[in-house]
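Report on the structure
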Amino acid sequence: MTTRRPELVVISGGKNLRQLAPACLLYTGSYFRACRDAARSLRATHGYRILSALHGIVDPRTELDPYDLRMGQSGCVTGSTVRAQAETAGLLNLPNVIIRASRAYVETARTAWPDACAPLAAAPGLGHQLVLLSKIQMRGSAECTPSA
């Protein structure tokens with residue numbers, strides 16, 4: 001189990017606004033907001049990035065047009081693209097990465113960070129995931145095992 005400060009937190013996108021906006025504001029769903037707030041509270045060395053089903057790894061400040069696509073659907077970003085983006089951004093070989101996302105996003109993100117901690121992927125449902133995210137935000141730390 002680790003409670004040390006993570007190097008990077010990766011979260012998934014979700015429901016969109018209907019206009020161009022920075023990625024941290026484009027996604028409007030309660031799940032995304034909970035993931036974003038928990039990621040911010042962890043104060044990762046390299047901050048957090050958003051895993052977009054269309055764009056791949058995105059800096060939260062990057063402006064994006066709205067889109068309607070979920071991970072696993074035709075036209076999604078591939079794991080190899082995510083890995084290449086992480087490498088280009090200098091984020092590929094970080095030792096302590098946390099993925100705060102549902103299973104499909106975790107599977108894609110793990111092509112870049114195979115040993116990342118991803119406890120939400122094993123949670124039995126959205127309600128349980130939101131409770132975990134709330135606890136992370138309140139504590140400002142994440143406890144997880146690398147294989148979770």
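Preceding this paragraph is the structure being described.
Residues numbered from 1 in each chain as written. Predicted model: local features only at pLDDT ≥ 70, side-chain atom pairs only at ≥ 80, totals over all residues. Heavy atoms only, no water.

The next thing to look at is the pairing of strand 1 (residues 8-12). Most of strand 1 sits out of view: five of its five residues are buried. Neither face of strand 1 is exposed, since L8, V10 and S12 on one face and V9 and I11 on the opposite face are all buried. Note that strand 1 and strand 6 (residues 97-100) share four bridges and pair parallel. Paired with V10 across the two strands is I99, which belongs to strand 6. In terms of strand pairing, strand 1 meets strand 3 (residues 48-52) through four bridges, oriented parallel. If you follow S12 over to strand 3, its bridge partner there is L51. (Buried < 20%, exposed > 50% of the residue type's maximum accessible area, 1.4 Å probe, protein only. Helix = DSSP H or I, 4+ residues; strand = E, 2+ residues; numbered from the N terminus. Pairing = 2+ DSSP bridges.)

What follows deals with the pattern of salt bridges. This structure, assessed with the given rule, holds two salt bridges. Between D37 and R36 there is a salt bridge, with the nearest N and O atoms lying 3.3 Å from each other. Among the ionic pairs, R61 bridges to D59, the shortest N-O distance being 2.9 Å. By relative accessible area, which is 67% here, R61 ends up exposed. (Salt bridge = Lys/Arg side-chain N within 4 Å of Asp/Glu carboxyl O.)

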